[in-house]
Amino acid sequence: MTRPPSADEHVRMAHRYFSSFVPDYHRAFTGGGRDPLHRVINTLFRRRTFERRMAIVRGFLEAHGVEGKRVLDLGCGSGEVSLMACRLGAARVTGVDLVPEMVETARWQAAEAGLAERAEFLVGDVHTVSLPEADVTVMVSVLEYYAEIEAVLARTCAATRELLILVDTRGPWWRRRLRHLLARVKGFRIYYRTPEAFSSVAARHGLGERARVRGHAFWALAYRRTS
Ligand SMILES: C[S@@+](CC[C@H](N)C(=O)[O-])C[C@H]1O[C@@H](n2cnc3c(N)ncnc32)[C@H](O)[C@@H]1O
């Protein structure tokens, strides 16, 4: 029997995978891509998923209201969610990502959009980086790369004063199979969970589920502080 990867190995695998295609990850928001494999994935899958999950996250942020608030975007990638929060009026947004090239892309995007004064981007691992307190925390498609989520979700809840938004990949069986295949080829792991798996941890840390949206390939969940 093969030994399951350790927590550190999961971080290394996620780092290796995401740092291997940063420009093509960002191109998924508009379609296209330089690498043929990523161009196909971006065109057939990622673009639609990104558009839909951004629209749902935007709806959650608008319904709660982020004007003048402090927002934390964990696993911020190229910074799209962070910049959306800035455009909705957040006073300060902190994006954190494991991959320095993702953080550079996010900084560059913020500068291009004239939002750099309100958006800071830091390189860090969500398991260990010191998390500033925030009114609203967003974590889009990060936990699915990890076998253990209890500790990271506990520290995420602790940093969140009002609202936590989680998006987690799921989708139909054939899509999950394809992602498992990609994970095997690219050397990372993927774990699918039910919304209840997140909600029970969040509830133990003072956050109650307020909204649940089933997307075509993900769950989007919103939690409000109850205690
Ligand atoms: C699927 S992408 C999502 C990016 C972004 N949230 C978005 O909505 O476009 C996952 C991101 O999480 C980052 N990530 C993975 N593990 C991480 C960790 N342990 N700490 C910080 N970031 C991590 C990856 O580098 C990648 O940028």
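Everything below is about the structure shown above.
Rules of the game
- Residues numbered from 1 in each chain as written.
- Predicted model: local features only at pLDDT ≥ 70, side-chain atom pairs only at ≥ 80, totals over all residues.
- Heavy atoms only, no water.
- Phe/Tyr/Trp six-rings, centres within 6.5 Å; stacked < 30°, edge-to-face > 60°.
- Helix = DSSP H or I, 4+ residues; strand = E, 2+ residues; numbered from the N terminus.
- Lys NZ or Arg CZ within 6 Å of the ring centre and 35° of its normal.
- Near = heavy atom within 4 Å.
- Polar contact = N/O pair within 3.5 Å; in protein donor to acceptor, adjacent residues only side chain to side chain.
- Areas by Shrake-Rupley, 256 points an atom, 1.4 Å probe, with all protein chains shown as cover.
- Axes fitted to C-alpha atoms, helices over the stretch in contact; angles between N-to-C directions.
- Parallel < 35°, antiparallel > 145°, perpendicular 65-115°, else oblique.
- Left-handed = near helix turned anticlockwise from the far one by under 90°.
- Contact = heavy atoms within 4.5 Å.
- Nonpolar A, V, L, I, M, F, W, Y, C, P; charged D, E, K, R; others polar.
- Buried < 20%, exposed > 50% of the residue type's maximum accessible area, 1.4 Å probe, protein only.
- Pairing = 2+ DSSP bridges.

Colleague: How do you make sense of the packing of aromatic side chains when you look at a structure like this?
Modeller: Here a ring pair, both rings aromatic, is described through the centre-centre distance and the interplanar angle of the planes. For the structure shown, the criterion picks out 12 aromatic pairs. Where Tyr-17 meets Phe-188, the ring centres are 4.0 Å apart and the plane angle is 25°; that geometry is what we call stacked. Linking Tyr-17 in helix α1 (residues 7-19) with Phe-188 in the loop between α7 (173-186) and α8 (195-204), this pair joins segments that are 171 residues apart in sequence. Each member of the aromatic cluster is reached from another via a ring pair, and the members are Tyr-17, Phe-18, Phe-21, Tyr-25, Phe-29, Phe-50, Tyr-145 and Phe-188. The ring of Trp-219 is capped by Arg-212, whose NZ or CZ atom sits 5.8 Å from the centre of that ring.

Colleague: Before we go on, may I ask you to explain the site of the ligand in this structure?
Modeller: Close contacts around the ligand come from 21 residues, with Tyr-25, Gly-75, Asp-97, Asp-125 and Tyr-146 the closest. Within the contact set of the ligand, an oxygen atom lies 2.7 Å away from a side-chain nitrogen or oxygen of Tyr-25. Between the ligand and the protein, one listed contact pairs a nitrogen atom with a side-chain N or O atom of Tyr-146 at 2.7 Å. For the ligand, the accessible surface in isolation is 590 Å², of which the surrounding protein chains cover 98%.

Colleague: Explain the packing of helix α6 (residues 150-158) against α8 here, please?
Modeller: For any two helices packed against each other, one specifies the inter-axial angle together with the distance between the axes. It is the contact of α6 with α8, at a shortest axis distance of 9 Å, that shows an interaxial angle of 50°. Between α6 and α8, the crossing angle belongs to the class labelled oblique. You can see that α6 and α8 cross each other, and the crossing is right-handed. The segment α6 lies against α8, with Glu-150, Leu-153 and Cys-157 engaging Phe-198, Val-201, Ala-202 and Arg-204. Looking at side-chain class alone, the contact of α6 with α8 contains 5 nonpolar, no polar and 2 charged residues.

Colleague: Can you walk me through unusual backbone geometry in this structure?
Modeller: The phi torsion of most residues other than glycine is negative, and most of the peptide bonds are trans. Although it is not a glycine, Ser-141 sits at a positive phi angle of roughly 55°. Locating Ser-141 in the fold gives a position in the loop between β4 (134-140) and α6. Classification of Ser-141 by relative accessible area gives buried; the value is 11%.

Colleague: Looking at this structure, how should I read the environment of Tyr-145?
Modeller: Following the sequence through the fold, Tyr-145 ends up in the loop between β4 and α6. Between the C-alpha atom of Tyr-145 and that of Ala-14, which follows or precedes it by 131 residues, the distance is 6.7 Å. Discounting chain neighbours no more than four positions away, the residues touching Tyr-145 are His-10, Ala-14, Phe-18, Arg-179, Phe-188, Arg-189, Ile-190 and Tyr-191. In terms of polar contacts, Tyr-145 uses its side chain to reach the side chain of Arg-179, at 2.8 Å.

Colleague: For this particular structure, what's the right way to read the sheet that holds β4?
Modeller: Two pairing modes exist for strands in a sheet, parallel and antiparallel, and in both the strands are linked by backbone hydrogen bonds. Spatially, the 7 strands line up as an open sheet ordered β3-β2-β1-β4-β5-β7-β6, and their pairing is mixed. Edge positions in the sheet fall to β3 (119-123) and β6 (207-214), since each has one partner strand and no second. Across the sheet, the axes of successive neighbouring strands diverge by a mean angle of 15°, strand direction being ignored. Relative to β3, helix α5 (residues 100-112) is tilted by about 170°, and along the sheet it contacts β2 (92-97) and β3.

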